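Listed below, chain by chain, are the residues.
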Amino acid sequence: MRILGINISHHSSSCMVKDGDIEWFIEESRLSKDKHHHIEYFNGGFYGAELLKNIDHIDHIVFASFCSKWHDWRRIACCLQAISEQECSYGEVIFDPYEHHLYHAHNAFYASGFDEAIALVMDGSGALYKPMVDLEKGFYRESESVYHCEYPDRILAKERHYSAYEQENIEPIHEGINTLSNTFPAALIFSRLCESFGFGARGADAGKVMGMSAYGTPDVYNRPWYIKSKGGHWITDNTVLYEDMLPFFEGEKDFQKQADIAYKLQEETKNYTINKLESIIDKYSPKNIVLSGGYFMNCVNNYAYLKAFPQIKFFVDPIAFDCGTAIGAAKKVWYNITGDTTIRKFENLYFGPNNAYISRNK
């Protein structure tokens, strides 16, 4: 059985799973030579289709996205056309735009080698909150999700936090396992600071901010960025956050001042995540925790969680940013259809194919 997973949002990628194993996985940027490549008709289309030249049939194609009502269907059509042009037929096409974090969790869990775990997914902007999209009442996006994971395909949402990213603080609204607020996700604060420094947008250069934090001075920014809501949920104090970041959006370029606020960001988000992990451990008593989503590309803070919770076995998704959802989506379909219980942890990240871009570089 062949299952092709394709991430059609930013960090576009594709993954072929054959009989449960990854046959190949590659980012579109490796093929297009464009670091910020999007799958689009006007942008070269779906380059991953080149890898299907010697494949006659794909049983299932599953698309992952962080939910764009304006772009998803066009990009799906672009991919299917490119696949057909390779004279490769396909069966079922699967697309659920509201499960972005679920695919992050699948990639992390099935890569970990654990037989059971809790998954924490944190990124800047996940899928839209479906009930409000259907009613056209708002645009809350998932920022944090907690899942219970076990084989064969029982990865179940336990908690989901959605944010509208507005400046005004609101008391979190609880709807079942879902929490809605205006809290700024940790990864999104990194993205905003990148933009204010003149770096790449949407978190592309977040690693630069993480590096600058090492030169920062403690206690320069002494007001907390997180406060506890009446219901006990930690949320960002958006007034303080905006006031502290405003000078950089207005053009402040002093390196030491930038390093100081980078230090503040690193410490505040680390402490927030430790509080989140403490809550998870208190509620679910896990032995194993897997971490995924763009925020956990923060390798410096990841070490802090190991020290804070030595009793927990952690696995950090090595492809925690969005391109990893192509693997997670394909793996989800495999385990869901087959009921397979085989553990296939990542032994390395050399998924190939070795000749992936030969045709474009002769």
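Residues numbered from 1 in each chain as written. Predicted model: local features only at pLDDT ≥ 70, side-chain atom pairs only at ≥ 80, totals over all residues. Heavy atoms only, no water.

**Points about the sheet that holds strand β9 (residues 173-175)**
Sheet strands associate in pairs through backbone hydrogen bonding, adopting either a parallel or an antiparallel arrangement.
Thinking step 1. Pairing is mixed in the open sheet, where 7 strands are placed in the order β9-β10-β8-β7-β6-β13-β14. If you trace the sheet from one side to the other, it starts and ends with β9 and β14 (313-316), each paired once. This sheet shows a mean twist of 20° between the axes of neighbouring strands, independent of strand direction.
Thinking step 2. As judged from the 9 bridges shared by strand β7 (residues 141-150) and strand β8 (residues 154-163), these two strands associate in the antiparallel manner. Each residue of the ladder has a partner; that of cysteine 149, found in β8, is isoleucine 155. (Pairing = 2+ DSSP bridges. Helix = DSSP H or I, 4+ residues; strand = E, 2+ residues; numbered from the N terminus. Axes fitted to C-alpha atoms, helices over the stretch in contact; angles between N-to-C directions.)

**Some remarks on helix α7 (residues 238-249)**
Thinking step 1. Between its first and last C-alpha atoms α7 spans 15 Å; for 12 residues at 1.5 Å apiece the expected length is 16 Å, and the two agree.
Thinking step 2. Among all positions in α7, only Asn238, Val240, Leu241, Asp244, Met245 and Phe248 are buried. The arc that holds every buried residue of α7, seen down its axis, measures 160°, which confines them to one face.
Thinking step 3. The secondary structure elements touched by the buried residues of α7 are α5 (186-197), β12 (234-236) and α8 (255-284).
Thinking step 4. Positioned one or two residues after α7, glycine 251 has a phi angle of 115°, which is positive. (Expected span 1.5 Å × (residues − 1). Buried < 20%, exposed > 50% of the residue type's maximum accessible area, 1.4 Å probe, protein only. Arc of directions from axis to C-beta. Contact = heavy atoms within 4.5 Å.)

**Things to note about the confidence of the model for the protein**
Thinking step 1. Per-residue confidence for the protein averages 91 on the pLDDT scale, and 95% of its residues sit at or above 70.
Thinking step 2. pLDDT under 50 marks residues 356-362. Its contacts with residues more than four places away, or in other chains, come to 14 contacts. (pLDDT = per-residue confidence, 0-100.)

**Focus: the sheet that holds strand β1 (residues 2-7)**
Thinking step 1. The mixed open sheet is built from 5 strands, whose spatial order is β3-β2-β1-β4-β5. With partners counted over all chains shown, the strands left at the sheet margins are β3 (21-27) and β5 (89-95), one partner each. Ignoring which end each strand starts from, the neighbouring axes of this sheet average 20° apart.
Thinking step 2. In this structure, β1 lies alongside strand β4 (residues 57-64), joined through 5 bridges in parallel fashion. If you follow asparagine 7 over to β4, its bridge partner there is alanine 64.

**Brief notes about the environment of phenylalanine 249**
Thinking step 1. On the secondary structure map, phenylalanine 249 appears in helix α7.
Thinking step 2. Every residue in contact with phenylalanine 249, bar those within four places of it in the chain, is listed here: Arg192 and Ser196.

**Focus on the pairing of strand β2 (residues 13-18)**
Thinking step 1. Among the 6 residues in β2, 5 count as buried, and that is most of the element.
Thinking step 2. Inspection of the sheet shows β1 paired to β2 by 6 bridges, in the antiparallel sense. Pairing of asparagine 7 across the sheet is with serine 13, part of β2.
Thinking step 3. Hairpin connection from β1 to β2: 5 residues lie between these consecutive antiparallel strands, with histidine 11 at a positive phi of about 60°.
Thinking step 4. Sheet analysis places β2 next to β3, joined by 6 bridges and oriented antiparallel. Paired with serine 13 across the strands is glutamate 27, a residue of β3.
Thinking step 5. Linking β2 back to β3 in an antiparallel pair, the connection comprises 2 residues, with aspartate 19 at a positive phi of about 50°.

**What to know about the pattern of salt bridges**
Thinking step 1. Counting across every chain of the model gives 18 salt bridges.
Thinking step 2. A salt bridge links glutamate 40 to arginine 75, with the shortest nitrogen-to-oxygen separation between them at 2.9 Å. Residue glutamate 40 is found in the loop between α1 (28-32) and β4, and its partner arginine 75 is found in helix α2 (residues 72-85); the two are separated by 35 residues along the sequence. Per residue, the accessibility class of glutamate 40 equals that of arginine 75, and both read buried. (Salt bridge = Lys/Arg side-chain N within 4 Å of Asp/Glu carboxyl O.)

**Quick word on the packing of α7 against α8**
Thinking step 1. For the pair α7 and α8, the least separation of the axes is 11 Å and the interaxial angle reads 150°. In terms of their interaxial angle, α7 and α8 are classed as roughly antiparallel. In the packing of α7 onto α8, the handedness of the crossing is left-handed. Contact with α7, carried on its side by Asp244, Met245 and Phe248, involves Lys257, Gln258 and Ile261 of α8 and no other residues of that element.
Thinking step 2. In the contact of α7 with α8, the residues fall into 3 nonpolar, 1 polar and 2 charged. (Parallel < 35°, antiparallel > 145°, perpendicular 65-115°, else oblique. Left-handed = near helix turned anticlockwise from the far one by under 90°. Nonpolar A, V, L, I, M, F, W, Y, C, P; charged D, E, K, R; others polar.)

**Digging into the side chain of asparagine 7**
Thinking step 1. Within the element layout of this structure, asparagine 7 appears in strand β1.
Thinking step 2. One polar contact links the side chain of asparagine 7 to the main-chain carbonyl oxygen of histidine 10, over a distance of 3.2 Å.
Thinking step 3. Beyond its immediate stretch of four places on either side in the chain, asparagine 7 contacts Ser12, Ser13, Ile39, Ala64, Ser65, Asp322, Cys323, Thr325 and Ala326. (Polar contact = N/O pair within 3.5 Å; in protein donor to acceptor, adjacent residues only side chain to side chain.)

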